[in-house]
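Fold and geometry: a report
Spelled out, the chains give:
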Amino acid sequence: MSQRIRTAVRVEGIVQGVGFRPFVYGLATRLGLGGLVGNDVDGVFAEVEGSPAAVDAFLASLAADAPPLARIDRITTAAMPPDGTAAFSIAPSQPGPQRRTLVSADTATCADCLAELADPDDRRHGYAFINCTNCGPRFTIVRDVPYDRPLTTMAGFAMCEACAAEYHDPSDRRFHAQPVCCPACGPRLALTDAAGTPLPGEPLAAAARLLREGQVLAVKGLGGYHLAVDASSEPATAALRARKHREDKPFAVMVPGVAAARRLCQVDVAAAGLLASSRRPIVLLARRPGSGVAAPVAPGNRQLGLMLPYTPLHHLLLSEVARPIVLTSGNVSDEPIVYADGEAGERLHGIADAFLTHDRPIETRTDDSVVRAFRGREMVLRRSRGYVPEPLRVRARFARPVLACGAELKNTFCLAKDNHAFVSHHIGDLENAETLRSFTEGIEHFRRLFDITPEVVAHDLHPEYLSTKYALELDGVQLAGVQHHHAHIASCLADNQADGPVIGVAFDGTGYGTDGTIWGGEFLIAGTGGFERAAHLAPVPMPGGAAAIRQPWRMAAAYLDAADPAGCGDLDVARRNQRLWPAVVSMARRGVNAPLTSSAGRLFDAVAAIMGVRDAINYEGQAAVELEQLADPAEPGAYRAAITEPDAGGGQPLHIAGTDLVRAVAEDLTTGTDRSVIAARFHNGVAQLITDCCCGSVPA
Ligand SMILES: [Zn+2]
Ligand SMILES: [Zn+2]
């Protein structure tokens with residue numbers, strides 16, 4: 001008789017809610033091993049007993065053949081005395097005081113589920129909540145760990161007999177899939193008018209009809225409510241824009257598949273991969289002219305944000321509507337996306353004509369993620385649904401648990417422990433009570449999910465940010481103020497698994513500097529632990545402070561006056577704003593209500609206003625976005641900016657003369673050079689000054 005051994009196995013990483021226990025069960029059973037597998041707060045534990053060869057084969061397959069959504073951080077083993085168990089079983093989940101397991105992100109509907117969705121003979125045919133072990137809602141429905149149905153928003157749906165049989169059958173692809181359900185036992189769709197009165201007809205078909213008729217439909221998705229309209233309808237998209245009070249910021253569009261995306265935009269191999277990935281982000285793509293997307297979808301923008309359906313509801317709706325639809329955050333203007341059922345009718349009142357909703361609650365508000373392909377790689381612009389809460393692995397372990405509170409605009413927070421950094425979902429701009437609540441509740445949720453009690457709390461140096469104030473009010477923690485642009489560069493280092501030192505270039509709108517001025521055109525020699533300010537754009541006054549951010553023409557006045565105090569009065573930008581121009585110039589000169597800034601954003605604003613692109617903005621970064629759209633990619637010329645030492649040999653940071661670029665723009669404009677050429681020469685000039693400064697080739 002062959003020798004028997006028993007081995008205890010622990011698997012850490014994203015191993016819950018991804019079909020890991022059924023996978024282990026199947027593997028052990030195939031190899032004729034006895035033992036057990038279960039979930040606990042640390043991940044998955046197993047004990048396997050049998051011949052040494054079978055146990056070895058088990059361990060070899062464990063990482064190599066793991067389910068598609070699993071992410072294994074570590075497997076550890078320990079020998080145990082065999083007890084003669086021949087059968088293999090699944091142990092009940094074990095709650096405990098320590099919670100270290102990882103929760104997976106929400107995942108787009110898989111091919112197997114799509115096949116069932118389309119199969120008239122399947123009991124889930126056309127069912128808007130079909131999911132399995134490999135797909136479906138996760139982070140957005142999790143209330144606590146371990147990840148088990150009673151601790152999700154599916155707790156209120158008791159499984160029917162058929163679903164329960166699948167759930168308990170280790171050979172079924174829904175074995176222990178926590179959100180498993182069907183039309184008999186799971187969530188249901190409802191279609192109501194704006195007053196909440198149910199509308200007649202099958203909800204999906206009726207909703208699709210409303211969209212085709214040009215109505216604005218609120219659709220409850222995974223992480224919140226979207227607003228949908230027919231993307232080809234000029235009146236419908238214009239109505240949505242007017243009702244949302246969102247003047248120019250582009251809307252995202254959902255298309256049924258990559259082929260449909262190609263009809264609207266240029267989609268290369270890398271972008272197609274991003275569109276079709278199980279994370280299903282919004283992918284920014286170059287538009288094809290004349291594609292039939294209505295003008296108000298992305299006014300004056302060469303790009304369009306596209307995404308593919310990521311829930312069964314989206315798949316069904318898109319196939320009913322049979323055309324691309326706008327799918328934009330369900331909110332007014334800059335408020336956070338609506339996600340609670342009670343508030344949807346109220347906050348979207350006056351915007352949506354009808355509501356396509358369901359009765360599965362959303363636990364955590366999670367916006368769509370936004371990415372683009374850059375040189376064949378994914379570049380993440382907004383990391384949220386589909387990515388969160390997957391941690392980033394960092395090289396150096398955190399000696400103590402850390403909470404990083406983030407900045408004011410497009411806030412995310414981060415909880416870190418060991419070598420995991422859990423970056424939160426997109427919280428938004430911390431400027432109203434609702435977003436602040438998302439921020440504070442989000443931190444509590446992450447603390448519970450990942451069992452992290454921060455001992456060190458990092459905050460932005462800006463004393464007025466609500467995230468800074470939150471940090472400063474915490475008791476019993478060590479506070480660490482972090483300079484804004486150092487944080488940008490350090491996060492870039494973490495993303496690239498590097499420690500530095502590097503020359504970090506942070507070109508930004510606003511960040512509080514260590515000298516109390518507003519930084520934003522920075523060259524820092526930085527590592528993760530510290531930095532030295534090596535060079536920056538020469539400071540200019542911001543006449544009117546925050547007003548200069550909303551009205552780029554004020555920065556034009558300040559920059560032109562600094563570039564050439566005698567000669568700026570005859571430009572169009574001065575004529576357009578002649579009533580206030582002299583007062584603003586005087587404000588800049590005297591330094592009254594005109595804080596100094598080295599911001600790159602304000603330099604772009606100044607140039608955009610001088611060129612007549614925009615004197616005032618409706619959303620953050622708009623002037624720079626539109627200036628970039630104007631630039632002719634074929635123009636090779638570049639303006640030059642002088643780089644000087646403000647005090648020879650004194651060790652002060654180098655100054656880069658943004659005024660040189662502004663002067664060149666004004667001169668070319670005066671001589672009638674094409675605006676697209678000027679915009680290109682300015683952008684090329686900025687790129688040139690960055691390489692000059694980093695390479696030390698300082699022009700004379
Ligand atoms: Zn599936
Ligand atoms: Zn069922």
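A brief report on the enclosed structure follows. (Residues numbered from 1 in each chain as written. Chains lettered and ligands numbered in written order. Predicted model: local features only at pLDDT ≥ 70, side-chain atom pairs only at ≥ 80, totals over all residues. Heavy atoms only, no water.)

Observations regarding the coordination of the zinc ion (ligand 1)
Quick note on the threshold: Because no water is among the atoms considered, metal sites can look incomplete, with donors defined as N, O and S atoms within 2.8 Å of the metal, or 3.2 Å for Na, K and Ca. Here a site with four donors is tetrahedral if all angles are between 85 and 135 degrees, and a site with four or six donors is square planar or octahedral if opposite donors are over 155 degrees apart and the other angles are between 65 and 115; anything else gets the irregular label.
Only Cys110 (SG), Cys113 (SG), Cys132 (SG) and Cys135 (SG) from the protein reach the zinc ion (ligand 1) as donors, at distances of 2.3 Å. Because the angles between the four donor atoms bound to the zinc ion (ligand 1) fall within 103 to 118°, the donor set is best described as tetrahedral.

Focus: the nonpolar core
Put simply, the test is: Only buried residues count toward a nonpolar core, which is a set of Ala, Val, Leu, Ile, Met, Phe, Trp, Tyr and Cys residues joined through side-chain atoms within 4.5 Å. Each residue's exposure class comes from its accessible area (1.4 Å probe, protein chains only) as a fraction of the maximum for that residue type: buried when under 20%, exposed when over 50%, partly exposed otherwise. In DSSP terms, a helix is any run of H or I states spanning at least four residues, a strand is any run of E spanning at least two, and both are numbered starting from the N terminus. Contacts: residue pairs with any heavy atoms within 4.5 Å of one another.
Formed by 50 residues in total, the largest nonpolar core has its most connected members in Val573, Trp581, Leu627, Ile656 and Phe682. Looking at this core element by element, the count peaks at eight residues for helix α18 (residues 600-610). In this structure, Leu627 is in contact with Phe604, Val607, Ala608, Met611, Val613, Ala679, Phe682 and His683, ignoring residues within four places of it in sequence.

Things to note about the coordination of the zinc ion (ligand 2)
At 2.3 Å from the zinc ion (ligand 2) lie its protein donor atoms, namely Cys160 (SG), Cys163 (SG), Cys182 (SG) and Cys185 (SG). If you look at the zinc ion (ligand 2), its four donor atoms make angles of 103 to 117° with each other, and the shape they trace is tetrahedral. A relative accessible area of 10% places Cys185 in the buried class.

Details of helix α19 (residues 622-630)
Working note: α-helix, 3.6 residues per turn, so residues spaced by three or four point in the same direction. Which entries qualify depends on this criterion: Comment: arc refers to directions from the helix axis out to C-beta atoms.
Of the positions making up α19, those classed as buried are Gln622, Ala623, Glu626, Leu627 and Gln629. Down the axis of α19, the sector holding all buried residues measures 155°, keeping them to one side. The inward-facing, buried residues of α19 contact β12 (303-307), α15 (552-563), α18 and α21 (675-695).

Focus: the pairing of strand β18 (residues 414-423)
Test applied: Strand pairing is defined by DSSP finding a minimum of two bridges between the two strands.
Within β18, nine of the 10 residues are buried, which leaves it mostly tucked inside the rest of the structure. In terms of strand pairing, strand β17 (residues 392-404) meets β18 through six bridges, oriented antiparallel. Paired with Arg393 across the two strands is His420, which belongs to β18.

Things to note about the sheet that holds β18
This is how the line gets drawn: Simply put, an axis is a line fit to the C-alpha atoms, just over the touching stretch for a helix, and the angle between two N-to-C directions goes from 0 to 180 degrees.
With mixed pairing, four strands are arranged side by side in an open sheet as β18-β17-β19-β20. With partners counted over all chains shown, the strands left at the sheet margins are β18 and β20 (478-482), one partner each. On average, each strand axis in the sheet is inclined to that of its neighbour by 60°, with strand direction left out of account. With five bridges joining them, strand β19 (residues 456-460) and β20 adopt parallel strand pairing.

A word on the pattern of salt bridges
As a reminder, the rule being used: When a carboxyl oxygen of Asp or Glu is within 4 Å of a side-chain nitrogen of Lys or Arg, the pair counts as a salt bridge.
Following the criterion strictly, the structure yields 39 salt bridges and no others. Notably, a salt bridge pairs Glu166 with Arg124, separated by 2.6 Å at the nearest N-O pair. Remark: Arg124 occurs in the loop between α3 (111-118) and α4 (161-168) and Glu166 occurs in helix α4; sequence separation between them is 42 residues. The two residues Glu166 and Arg124 agree in class, both being buried. One network of salt bridges, in which partners are shared, links Glu343, Arg347, Arg365, Glu434, Arg437 and Glu441.

Considering unusual backbone geometry
Residue Pro389 is bonded to the preceding Val388 through a cis peptide linkage, with omega at 10°. Each neighbour pair has its own omega, and for Gly500 with Pro501 the value is 5°, a cis peptide bond. Locating Pro501 in the fold gives a position in the loop between α13 (484-495) and β21 (502-512). Even without glycine at this site, Arg375 takes up a positive phi of about 50°. Along the chain, Arg375 falls in the loop between β15 (370-374) and β16 (377-382).

A look at the packing of aromatic side chains
The criterion, for reference: Two aromatic rings from Phe, Tyr or Trp, using only the six-membered ring of Trp, form a pair when their centres are within 6.5 Å; if the ring planes differ by under 30 degrees the pair is stacked, by over 60 it is edge-to-face, and anything between is tilted. Look at NZ for Lys and CZ for Arg. If either is within 6 Å of the ring centre and within 35 degrees of the ring normal, a charge sits over the ring.
Under the defined criterion, the tally for this structure stands at 14 aromatic pairs. When the centroid spacing of 4.0 Å and the interplanar angle of 15° are considered together, the rings of Phe422 and Phe450 count as stacked. On the criterion of sequence distance, the pair formed by Phe422 in strand β18 and Phe450 in helix α11 (residues 433-450) is long-range, its members being 28 residues apart. Residue classification places Phe450 among the buried residues on the basis of a relative accessible area of 3%. The ring of Tyr310 has Arg385 lying over it, and the distance from NZ or CZ to the ring centre is 3.4 Å.

Focus on the sheet that holds strand β1 (residues 5-14)
Strand order across the open sheet formed by five strands is β4-β1-β3-β2-β5, with mixed pairing between neighbours. Edge positions in the sheet fall to β4 (71-80) and β5 (88-90), since each has one partner strand and no second. Taking the axes of each pair of neighbouring strands and ignoring which way they run, one obtains an average angle of 15° across the sheet. Of the pairings in the sheet, the one linking β1 to strand β3 (residues 43-50) comprises seven bridges and is antiparallel in character.

Side note on the pairing of β15
Bridge analysis of strand β11 (residues 282-287) against β15 gives two bridges, and the strand direction is parallel. By the bridge assignment, Ile282 is partnered in β15 with Val370. In this sheet, β16 lies alongside β15 in antiparallel orientation, the contact comprising five bridges. The residue bridging Phe374 from the neighbouring strand is Arg377, located in β16. Counted between consecutive antiparallel strands, the loop separating β15 from β16 contains two residues, among which Arg375 sits at a positive phi close to 50°.

Focus: the side chain of Asp148
Let me state the cut-off plainly: Polar contacts, as counted here, are pairs of nitrogen or oxygen atoms within 3.5 Å of one another; within protein the pair requires one atom able to donate a hydrogen and one able to accept it, and residues that are adjacent in sequence qualify only if both atoms are side-chain atoms.
Relative to the elements of secondary structure, Asp148 occurs in the loop between α3 and α4. A relative accessible area of 14% means that Asp148 is categorised as buried. Within the local environment of Asp148, its side chain forms a polar contact with the side chain of Gln178, the two groups lying 3.0 Å apart.

Quick look at the side chain of Ser438
With respect to the helices and strands, the residue Ser438 is situated in helix α11. At a separation of 2.2 Å, a polar atom in the side chain of Ser438 contacts the side chain of Arg365. Residues contacting Ser438, with those up to four places away along its chain left out, are Arg365 and Ile427.

Here's the deal with the packing of α15 against α18
Helix packing for two helices is described by the angle between their axes and how far apart those axes are. In plain terms, the rule: Orientation is classified from the angle alone, with under 35 degrees giving roughly parallel, over 145 giving roughly antiparallel, 65 to 115 giving roughly perpendicular, and any other angle giving oblique. Each residue gets one label: Ala, Val, Leu, Ile, Met, Phe, Trp, Tyr, Cys and Pro are nonpolar, Asp, Glu, Lys and Arg are charged, and the others, such as Gly, are polar.
Where α15 meets α18, the axes come as close as 7 Å, and the angle between the chain directions of the two elements is 95°. Classified by the interaxial angle, the pair formed by α15 and α18 is roughly perpendicular. Here Pro552, Trp553, Met555, Ala556, Tyr559 and Leu560 of α15 lie close against α18, whose contacting residues are Arg602, Leu603, Asp605, Ala606, Ala609 and Ile610. Considering only residue class, the contact of α15 with α18 consists of 10 nonpolar, no polar and two charged.

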